[in-house]
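Residue strings, one per chain:
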Amino acid sequence: MVEKKTTSPLLMTRRQFGLFTGAAAAGLSLNMVPGFARLALAAENASQIIKGKSADMIILNAKLGVMETPLTLLRKHDHTPKEILFNRLHYPHEGEAAWYATTEAPNRPDWTLRIDGLVGRPRDVKLRDIQAMGMEKRVSVMQCAGNGRSFYAAKQKVGGGQWKNGGMGNVVWEGVPLKHFLDEMKVLPAPGVRWLTAEGWDQPATPEGSDFSKSYHIDDPALDNAILALKMNGEPIPATHGGPLRLIIPGYYGNMNVKFLSVLLLMPEQSPSAYQSVGYRFPNKPVQPGEFKAGDYTIHNSRPTYGHQIKSVIFSPLPEDKPKAGTVEITGVAFNDGAAKITHVQVSTDNGKTWHEASIKEPESPWAWYHWSVKAKLAPGSNTLVSRATDELGRSQPLDGLVRWNPRGYEWNGADRVTITA
Ligand SMILES: Nc1nc2c(c(=O)[nH]1)N[C@H]1C(S)=C(S)[C@@H](COP(=O)(O)O)O[C@H]1N2
Ligand SMILES: [Mo]
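Only a predicted model underlies this, so the values are computations on that prediction, with no experimental measurement involved.

Asker: So what exactly am I meant to see when it comes to the overall build of the protein here?
Answerer: The helix and strand tally for the protein stands at 7 helices and 23 strands. By the burial criterion, 56% of the 422 residues in the protein qualify as buried. The contacts of the protein with a sequence gap of at least 6 include a subset with a gap of at least 24, amounting to 72%. Carbon and sulfur atoms make up 54% of the accessible area of the protein, which totals about 17400 Å².

Asker: Explanation requested: the site of ligand 1 in the structure shown.
Answerer: In the vicinity of ligand 1, 18 residues are found, and the nearest of them are H90, D202, H241, R246 and K259. For ligand 1, a nitrogen atom lies 3.0 Å from a polar atom in the backbone of N257. Taken by itself ligand 1 offers 530 Å² of open surface, and the protein chains cover 100% of this. Its residues assigned to classes, the shell around ligand 1 shows 7 nonpolar, 7 polar and 4 charged.

Asker: Whenever I open this one, the pairing of strand β2 (residues 58-61) confuses me. Can you help?
Answerer: Looking down a regular strand, the side chains alternate between one sheet face and the other. Both β2 and strand β3 (residues 66-68) contribute to a ladder of 3 bridges, which runs antiparallel. Residue pairing across strands places I58 opposite E68, the latter belonging to β3. Between the end of β2 and the start of β3, which pair antiparallel, lie 4 residues, with G65 showing a positive phi angle near 65°.

Asker: Sorry if this is basic, but what is going on with the nonpolar core here?
Answerer: Counting residues in hydrophobic clusters, the biggest one holds 59 residues, and the most contacted among them are I115, F181, Y216, L228, L245, L261 and L264. Elements that contribute at least two residues to this core include exactly α3 (46-49), β4 (112-117), α5 (127-131), α6 (178-185), β8 (195-200), β10 (227-232) and β13 (261-267). Top contributing element to this core by residue count: α6, with 4 residues. With residues near it in sequence (within four places) discarded, L245 still touches W111, L113, L127, I130, L228, A229, L230, V258, K259, F260 and L261.

Asker: Quick question: what am I supposed to make of the environment of G352 here?
Answerer: One can find G352 in the loop between β18 (342-348) and β19 (356-357). When its relative accessible area of 25% is taken as the criterion, G352 is described as partly exposed. A sequence separation of 33 residues divides G352 from L385, and the C-alpha atoms of the two residues are 8.0 Å apart.

Asker: It is not clear to me how the pattern of salt bridges should be interpreted in this structure. Could you clarify?
Answerer: Side chains that differ in sign of charge can pair as their charged atoms come close. Summed over the entire model, instances satisfying the criterion amount to 13 salt bridges. With a closest N to O distance of 2.8 Å, D116 and R114 form a salt bridge. For the pair D116 and R114, a shared accessibility class is recorded, and that class is buried. When the shortest N-O distance is used, the salt bridge between R303 and E411 registers 2.9 Å. Of this pair, R303 sits in strand β15 (residues 302-304) while E411 sits in the loop between β22 (382-391) and β23 (416-421), and the two are 108 residues apart along the sequence. For E411, a relative accessible area of 0% corresponds to the buried category.

Asker: So what exactly am I meant to see when it comes to the packing of aromatic side chains here?
Answerer: Any pair of aromatic rings gets described here by the distance separating the centres and the angle formed by the planes. As enumerated under the stated definition, the model contains 15 aromatic pairs in all. Considering the side-chain rings of Y91 and Y275, the 6.3 Å spacing of their centres and the 80° angle between planes classify their relative orientation as edge-to-face. With Y91 in the loop between α4 (71-74) and β4 and Y275 in helix α7 (residues 274-277), this residue pair connects regions lying 184 residues apart in the sequence. Like Y91, the residue Y275 is buried in the burial classification. Taken together through their ring pairs, the aromatic side chains of W99, Y100, W111, W201 and F260 make up a single cluster. When the ring centre of W99 is taken as reference, the NZ or CZ atom of R108 above it lies at 4.4 Å. Its guanidinium or amino end placed over the ring of W201, R108 lies 5.4 Å from that ring's centre, counting from NZ or CZ.

Asker: Please explain the sheet that holds strand β20 (residues 359-360) as it appears in this structure.
Answerer: Remark on secondary structure: sheet strands pair via backbone hydrogen bonds, oriented parallel or antiparallel. An order of β16-β17-β21-β20 is seen for the 4 strands of this open sheet, with the pairing classed as antiparallel. The sheet is open, and its two borders are formed by β16 (311-316) and β20, each paired with just one other strand. Bridging between β20 and strand β21 (residues 370-378) involves 2 bridges; their strand directions are antiparallel. Looking at the pairing, S359 lines up with S373 of β21.

Asker: Can you help me understand the sheet that holds β18 in this one?
Answerer: Across the sheet, 4 strands lie side by side as β19-β18-β22-β23; this open sheet has antiparallel pairing. Edge strands, defined here as strands with exactly one partner in the open sheet, are β19 and β23.

Asker: Whenever I open this one, the environment of N225 confuses me. Can you help?
Answerer: Tracing the backbone through its elements, the reader meets N225 in the loop between β9 (213-217) and β10. Residue classification places N225 among the partly exposed positions, given a relative accessible area of 26%. Remark: the alpha-carbon pair of N225 and I248, spanning 23 residues in sequence, is separated by 8.6 Å. With residues up to four places along the chain from it excluded, the contact list for N225 reads R138, P250 and W367.

Asker: Would you explain unusual backbone geometry in this entry?
Answerer: A cis geometry characterises the amide bond from L188 onward to P189, with omega recorded as -5°. Along the chain, P189 falls in the loop between α6 and β8. A cis amide bond links G243 to the next residue, P244, at an omega of 5°. As for its position among the elements, P244 is in the loop between β11 (235-236) and β12 (246-248). Its identity is not glycine, yet K186 carries a phi of approximately 55°, on the positive side.

Asker: Looking at this model, I keep getting lost on the side chain of R88. Mind explaining?
Answerer: Mapped onto the secondary structure, R88 falls in the loop between α4 and β4. It is D202 that comes nearest to the buried, bridge-free R88 among opposite-charge side chains, at 9.0 Å. A polar contact is formed between the side chain of R88 and the side chain of H90, at a distance of 3.2 Å. For R88, the side chain forms a polar contact with the side chain of Y280, separated by 3.5 Å.

Conventions used here
Residues numbered from 1 in each chain as written. Chains lettered and ligands numbered in written order. Predicted model: local features only at pLDDT ≥ 70, side-chain atom pairs only at ≥ 80, totals over all residues. Heavy atoms only, no water. Helix = DSSP H or I, 4+ residues; strand = E, 2+ residues; numbered from the N terminus. Buried < 20%, exposed > 50% of the residue type's maximum accessible area, 1.4 Å probe, protein only. Contact = heavy atoms within 4.5 Å. Areas by Shrake-Rupley, 256 points an atom, 1.4 Å probe, with all protein chains shown as cover. Near = heavy atom within 4 Å. Polar contact = N/O pair within 3.5 Å; in protein donor to acceptor, adjacent residues only side chain to side chain. Nonpolar A, V, L, I, M, F, W, Y, C, P; charged D, E, K, R; others polar. Pairing = 2+ DSSP bridges. Core = buried A, V, L, I, M, F, W, Y, C linked by side-chain atoms within 4.5 Å. Salt bridge = Lys/Arg side-chain N within 4 Å of Asp/Glu carboxyl O. Phe/Tyr/Trp six-rings, centres within 6.5 Å; stacked < 30°, edge-to-face > 60°. Lys NZ or Arg CZ within 6 Å of the ring centre and 35° of its normal. Lys, Arg positive; Asp, Glu negative; His and termini not counted.

Next comes the structure, spelled out in structure tokens:
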């Protein structure tokens, strides 16, 4: 079932600890791409950047294949198809990495998952042996922690891809429960192990870069629902979405869901990767522009972007629907981290002066998105629609999302606003 180890522990050590030093020293900036590269690709459409993607995708970064879904496409499907699911990669998909620049499933039958760290016997586990452990389904929203980042510009623009609301999708994942896999490996409990680190196959282009690895407290209850996913929407996972193997932690922001999963490490400490220790973090205290900068993050003054903050997004009407004045049906979706049921979605057509209670459809799973709808009147002229979700724990969206402004622009969950001329 397992095979002899093939990766040298020394190599692991270098990847885990050596490269990071350089990244930190260089003051790593997560979303920077050389300007010339962008120019060179500016004329391309999404299908030329990632084979199989819809030409209607909104490109945020051509070099890295970062793209979001127009809401007019996103709202058409219960489960977001691979052709239009948003895409986020951190390293150029060139040379050896070209294999994952496609929505086709990768042809990598020899893929192995290395299990290493404080385990009696580090080993490489074959894909088919993982699959044989039994698969379960999880319907879950995949959403970039930067989704909605562009809205923070109303306070002060933050660097990085200027996502609107299309950096999300509702996806069916299927795979082997992580806890079941760890049981089968007989690696826990292990004295001293406090963190699980997941590492992707993809590598930075330069030695100063940091690997894409993410860490989770070994006793994080979210891991109880996590799966080593082999399928997305009923098919082997498309290469660009992390096939052949992806860690899916339902309800957690995109960056916690490591694609091209190749290593699981059981360690006393979390990964020193810049993507864990400085990137994808949210300040512990509210901060103002200027007083806390993108370079100021430490593991002490911030926390990782774990579970989705409760959120709702209006799908219809959108300005391009050109609705007429009078009664319209307002629809949209809402979701949270899955820890509590969403009980209310309130909708306003007058920018929050009066509110209507939307009816909410039972979701497919605690982590899937909920559909909601309500009939309300549009006045002739300009109408500002607002939606705001609340869950059983009383968690709700700030009416003014700017109160959660942060220098990297993560976790936008302000009440959604759409201005429509009827
Ligand atoms: N190995 C690896 N995993 C990764 C990333 C990456 O660049 N490499 N990007 C992360 C981020 S920030 C997001 S938002 C999601 C994007 O998933 P998608 O491209 O399937 O939509 O993958 C996450 N997992
Ligand atoms: Mo992301």
